[in-house]
Each structure stands twice: as C-alpha cells, then as structure tokens.
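Coordinates in review
These are the residues of each chain, in order.
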Amino acid sequence: MTNQDLSAFIDTTDEWIVSRTGIRERHIASDKETTATLGLKAAQAALDIADILPTEIDLIICATSTPEYIFPSTASLIQAWLGASTSGAFDLSAACSGFVYGVDMATQAIKSGSIRTAVVIGTETFSRILDWTDRGTCILFGDGAGAVVLTASSVEGGVLSSVLRSDGSGGDLLGVPSVGSIDISSIPTLDESHKMGKMFMNGGEVFKFATRVIGESITQALDIAGLTIADLKAIVPHQANIRIIQAAARSLKVDESIFVCNMDRYANTSAASIPIALVEAVQQGRIKPGDNIAFVGFGGGLSWAAMVVKWGVPPPEERGRVLSRQRRQVLYRVAWWRVLLGRTLRQLNDVINRIRPERGRMERLRRNYDRSER
Ligand code: COA
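A quick note: this is a predicted structure, and the numbers were derived from the prediction, not measured.

The rules we used
- Residues numbered from 1 in each chain as written.
- Predicted model: local features only at pLDDT ≥ 70, side-chain atom pairs only at ≥ 80, totals over all residues.
- Heavy atoms only, no water.
- Buried < 20%, exposed > 50% of the residue type's maximum accessible area, 1.4 Å probe, protein only.
- Helix = DSSP H or I, 4+ residues; strand = E, 2+ residues; numbered from the N terminus.
- Pairing = 2+ DSSP bridges.
- Domains from an automatic or database assignment.
- Contact = heavy atoms within 4.5 Å.
- Buried area = accessible area lost by both parts, 1.4 Å probe.
- Axes fitted to C-alpha atoms, helices over the stretch in contact; angles between N-to-C directions.
- Near = heavy atom within 4 Å.
- Polar contact = N/O pair within 3.5 Å; in protein donor to acceptor, adjacent residues only side chain to side chain.
- Areas by Shrake-Rupley, 256 points an atom, 1.4 Å probe, with all protein chains shown as cover.
- Nonpolar A, V, L, I, M, F, W, Y, C, P; charged D, E, K, R; others polar.
- Parallel < 35°, antiparallel > 145°, perpendicular 65-115°, else oblique.
- Left-handed = near helix turned anticlockwise from the far one by under 90°.

1. A look at the pairing of strand 10 (residues 303-310)
For strand 10, a buried count of seven out of eight residues is recorded, marking the element as mostly surrounded by other parts of the structure. Judged from the eight bridges that link them, strand 5 (residues 158-166) and strand 10 form a sheet pairing that is antiparallel. Note that in strand 10 the partner of serine 161 across the bridge is valine 308.

Now the structure itself:
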C-alpha cells in the first residue's frame, strides 16, 4: 500500500508522509493471512537458511503485539504447523522492542545449557489494530514478519551484550485498549482517541523518548561488550521513522549510513522490523560473518532494548544435513495433517455426542458400570 493509496481515503499526501517519516509504502496482510501465518513463513525461511529440521528446535519465541488470541500463543500455533514436536513455545510482549528481548531470552537459555537451538520470530499484523480514520497513526505502520535461528556453536561471538529497559510510567503514550483484566470504561483517559482494539499514540512524546533512548542504550551495550561505536559495522534499529534515526545518529556522532534502514518500503512493522531489516542487510552482503553489529528496539511499554552481536554462522560440519530441505517439507505436511485431523476428529466427536440421545448414553454408562461390578 503506497502513500498515494492512503491519500485516496484519508486526508494526507505522499509528500507529508515522506518528509515527516521517510515511509513510502507498507505491506498489508491479505484476509487469509494472520500474525501466525506470516510468522510461520518467516520461521520456515529461517530454517531453510540455517538448514535444520523443525524437530531440532528446542524453543520458539514469538515477539508480537498483534497475536491472534490472548491464548493459545501465536508461538504455539507456529510450533504445531512447523511440526517442532519437541519444542517449547511462548509469545513475548514487549511491543517494538520484542525481537531484541526475544533474542536475549533465547541466548540466555542456550548459554545456560538448558536448550541448544531456538527460533525467535518477530511477526505483526498492525493493519488489524489501526484506526484507519486516524491519519496521525495509520500512515506509520505495516504488516510483516522476520525470524532467526540461534544455536549453540563452537564459533566465537553471538550476542556479546544486551541492555533491556522499561519505563511503564509512559504506558499512556502508546497502546491498544483490549480485552483483559481491566474494565476499559474505568480508564480515565478513555475518550474518542482511545478506541477498543485500536492503537493510540502520542506521536510527539514517543518521538522524543525514541531519540533519547537509542543513543543511550547503544552506548551502554557497547560498554558492556568492551567495544566502541567505531567497532560496529552496522546498527539495525527498529524502523519507526527516518527522522528518529537521523537524530540518533547525531547524538551518537556517527554517519547516518551506519544504520540499516528500510522503513521506506515496509513502514513500522513493530517487533518484525529489526529481523526484516537484518535479513535484508545480510542478503545484500552488508553484514558478514565476524562483523560486530548492534540492534536497538524501542516502543510501547515504554520499553527499549539494545544488543551488540558478533555475527557468526556455524561451520557446515556443525549443521550439514542430507536432503534437509525435502525432509522439512515432509515434516511440514505431516504437521499440517496432524493439526487438521486432530481438530476434525474433535469436532466429529462433538457432533456425535450432540445427536446421541441422552437416554442411550445413560444406558451405556449403566452397562459399563454393571460390567465393572461383575
Ligand atoms: N498527513 C497530513 N497531515 C498530518 C498527518 C498526515 N498523515 N498527520 C498529522 N498531520 C498534521 C497534524 O494534524 C498537524 O496539523 P496542524 O498543525 O494543523 O494541527 C500537523 O500535521 C503536524 O502534526 P504533528 O503531529 O505535530 O506532526 P509531527 O511532525 O510531530 O509528525 C509523527 C507526527 C506521528 C510522524 C511524529 O510525531 C512521529 O513520527 N512520532 C513517533 C511515532 C512513532 O514512531 N511511533 C512508533 C514508535 S515504536
């Protein structure tokens, strides 16, 4: 969806959006797509690159603010469709910082020895929670998904440092009122700009917060890793607004070109924005094995997170498999049929129970009881 497309139904222009945000277009999920289907595709693409089987995954973390349900988790849906039969799965809610939080959680679990391989997915369908009549917010977001595979490896590097932060006092600046443990009507700030199930935002305040925390948290993460900004090959930031990145570059005293930016083509895809930008940068050869890079996410909560990573790829002997691609496809098919068959059988059972006369059921129970007594 281009800015031009947007200006057909809201009072905005391509010129305004590009000059204030750097965004030119965004992708919108089709009616059949959901956060889980997008996340599944991203996870499958990541497994293809890592060349591992879904049965080798120990943990799936799905960072999202737009899950299909409160529960089951989107991660569990993806786990079933992948056929990751021996994997744990959970959703992580840290808004646009979620991917960095997720990578940190997976890294700690691998370092502790409790798991060997994790998939971290950032996936969102913000188009479903936007108020498409609010030009201050709907122009900023898009749908998308990205994923990475993390694994224990003999290669030096990986995550060198993480800084995870939160300031919940700013929770009124950015959020989505939705079904939960709070009576929505009791929120004092609820008015026509706070609609049930729709995102609200104080753009100016979020802008100031973002420009402050990017520089601060990257500097802290670099200190912990014992590196300086000159050691970084690239910074992959959350893709919110090009002006936020320009301000962060000024505060870090670095050239803007160190930041990987693609918000012009995807807009803000929240937890998915960092993995999408990361994958593009790797595919373009901008990030190579051995490079030091940084991630920085910021958003609702308020939450923010920075991380320094030495980009490493395990050697082929640690991951070489015969016919892995074909085996993956077979496992996906089996997983899909397993989900479908299980649900169909449960539905069939429900229907049979409903049409069976109650008396017949009681008689069966009595017969079973008599038999057991004998
Ligand atoms: N098209 C045209 N005009 C628009 C508009 C749009 N899509 N959205 C707002 N305007 C108008 C406003 O109504 C206002 O008009 P007025 O002066 O007549 O009242 C004017 O443009 C300026 O609005 P303002 O909100 O001050 O613009 P801004 O320069 O602060 O830019 C944002 C607004 C939302 C782009 C900017 O605040 C921002 O990017 N904030 C950060 C948001 C973000 O990244 N959130 C996610 C973080 S994870």
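After presenting the structure, the write-up continues.
2. A closer look at the domain arrangement of the protein
As far as domains go, the protein holds domain 1 (3-310) and domain 2 (320-374). Distance from the C-alpha centre of domain 1 to the C-alpha centre of domain 2: 38 Å. At the interface, 14 residues of domain 1 touch 10 residues of domain 2. Interface area, domain 1 with domain 2, both sides summed: about 1200 Å², of which 53% is carbon and sulfur.

3. A look at the sheet that holds strand 8 (residues 234-237)
Strand order in this open sheet of four strands is 5-10-9-8, and the pairing throughout is mixed. The open sheet is flanked by strand 5 and strand 8, the only strands paired with a single partner. Between one strand axis and the next, the sheet turns through 15° on average, direction left out of account. Those strands touched by helix 5 (residues 98-112) are strand 5, strand 9 (292-299) and strand 10, and its axis lies near 130° from that of strand 5.

4. Some points on the site of the ligand
The local shell around the ligand holds 22 residues, among which Thr12, Arg20, Arg135, Gly203 and Asn241 are the closest. One of the side-chain N or O atoms of arginine 243 is found 3.4 Å from an oxygen atom in the ligand. When the ligand is considered free in solution it has 960 Å² of accessible area, and contact with the protein chains removes 68% of it. If you list the elements that add at least two residues to the shell around the ligand, you get helix 2 (14-21), helix 6 (203-225), helix 7 (242-252) and strand 9. Take the shell around the ligand: its biggest share by element is four residues, from helix 6. Residues belonging to the shell around the ligand are distributed by class as follows: nine nonpolar, nine polar and four charged.

5. Focus on the packing of helix 6 against helix 7
Relative to each other, helix 6 and helix 7 sit at 40°, their axes nearing to 9 Å. Compared by their axis directions, helix 6 and helix 7 come out oblique. Read as a crossing pair, helix 6 and helix 7 show a hand that is right-handed. Contacts between helix 6 and helix 7 involve Phe207, Ala210, Thr211, Ile214, Gly215, Ile218 and Thr219 from the first element and Arg243, Ile244, Ile245, Ala247, Ala248, Ser251 and Leu252 from the second.

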